[in-house]
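For reference, the chains in residue letters:
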Amino acid sequence: MREMLSCRHCKRAVLIGERITPADVVELVHHLAECTPDESFDSILVEESLWHFRRVAIEAEEGTKRDARMPAAR
Ligand SMILES: [Zn+2]
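Residues numbered from 1 in each chain as written. Predicted model: local features only at pLDDT ≥ 70, side-chain atom pairs only at ≥ 80, totals over all residues.

A.B. asks: Tell me about the overall build of the protein chain, and please be specific about residues and values.
C.D. replies: Broken down by element type, the protein chain carries two helices and three strands. The linear arrangement of helices and strands in the protein chain, starting from the amino end, is β-β-α-α-β. At a minimum sequence separation of 6, the contacts of the protein chain that also span at least 24 residues come to 50%. (Helix = DSSP H or I, 4+ residues; strand = E, 2+ residues; numbered from the N terminus. Contact = placed C-beta atoms within 7 Å.)

Spelled out as structure tokens, the structure:
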């Protein structure tokens, strides 16, 4: 399952990935610093930086046939 992180401030999709790596967090904080220059994110915690982003699960369009064991939601 992939996730898309969209910025709550500018509504833009900043990151798409299966998991959030430390490098991704650096990118997120960097985005916050540019997106909301009024706030200081010099010593922001990972958890706090994620509060500024909306996480949306992305359904894979291909390669999901192996998940056929999951009950179909109809
Ligand atoms: Zn932004």
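So, next bit.
A.B. asks: Lay out the pairing of strand 2 (residues 13-17) in plain terms, naming residues and giving numbers.
C.D. replies: Relative to strand 2, strand 1 (residues 2-7) is paired through four bridges, and the arrangement is antiparallel. Looking at strand 2, one finds that Ser6 is bridged to Ala13. (Pairing = 2+ DSSP bridges.)

A.B. asks: A description of the sheet that holds strand 2 should follow, citing residues and the corresponding values.
C.D. replies: Across the sheet, three strands lie side by side as 2-1-3; this open sheet has antiparallel pairing. Among the strands making up the open sheet, the edge pair consists of strand 2 and strand 3 (53-58). Across the sheet, the mean angle from the axis of one strand to that of its neighbour is 20°, orientation sign disregarded. Pairing between strand 1 and strand 3: six bridges, direction antiparallel. Bridging across to strand 3, Leu5 finds its partner in Arg55. On the sheet, helix 1 (residues 22-35) packs against strand 1, strand 2 and strand 3 and is oriented at approximately 170° with respect to strand 2. (Axes fitted to C-alpha atoms, helices over the stretch in contact; angles between N-to-C directions.)

A.B. asks: I'd love a proper account of helix 1, names of residues and values included.
C.D. replies: An ideal rise of 1.5 Å per residue puts 20 Å on 14 residues; helix 1 measures up with 20 Å between its terminal C-alpha atoms. Of all the positions in helix 1, only Leu28, His31 and Leu32 are classed as buried. For helix 1, the angular spread of buried residues about the axis comes to 100°, placing them on one side. Those residues of helix 1 that are exposed and angled more than 90 degrees off the buried face are Pro22, Ala23, Val26 and Glu34. The inward-facing, buried residues of helix 1 contact strand 1, strand 2, helix 2 (46-50) and strand 3. (Expected span 1.5 Å × (residues − 1). Buried ≥ 20, exposed ≤ 12 C-beta atoms within 10 Å, placed from the backbone. Arc of directions from axis to C-beta.)

A.B. asks: Which residues make up the environment of Arg55, and what values go with them?
C.D. replies: Tracing the chain through its elements places Arg55 in strand 3. Through-space distance from the C-alpha of Arg55 to that of Arg2 is 9.9 Å; in sequence the pair is 53 residues apart. Leaving out residues up to four positions away in the same chain, Arg55 has contacts with Glu3 and Leu5.

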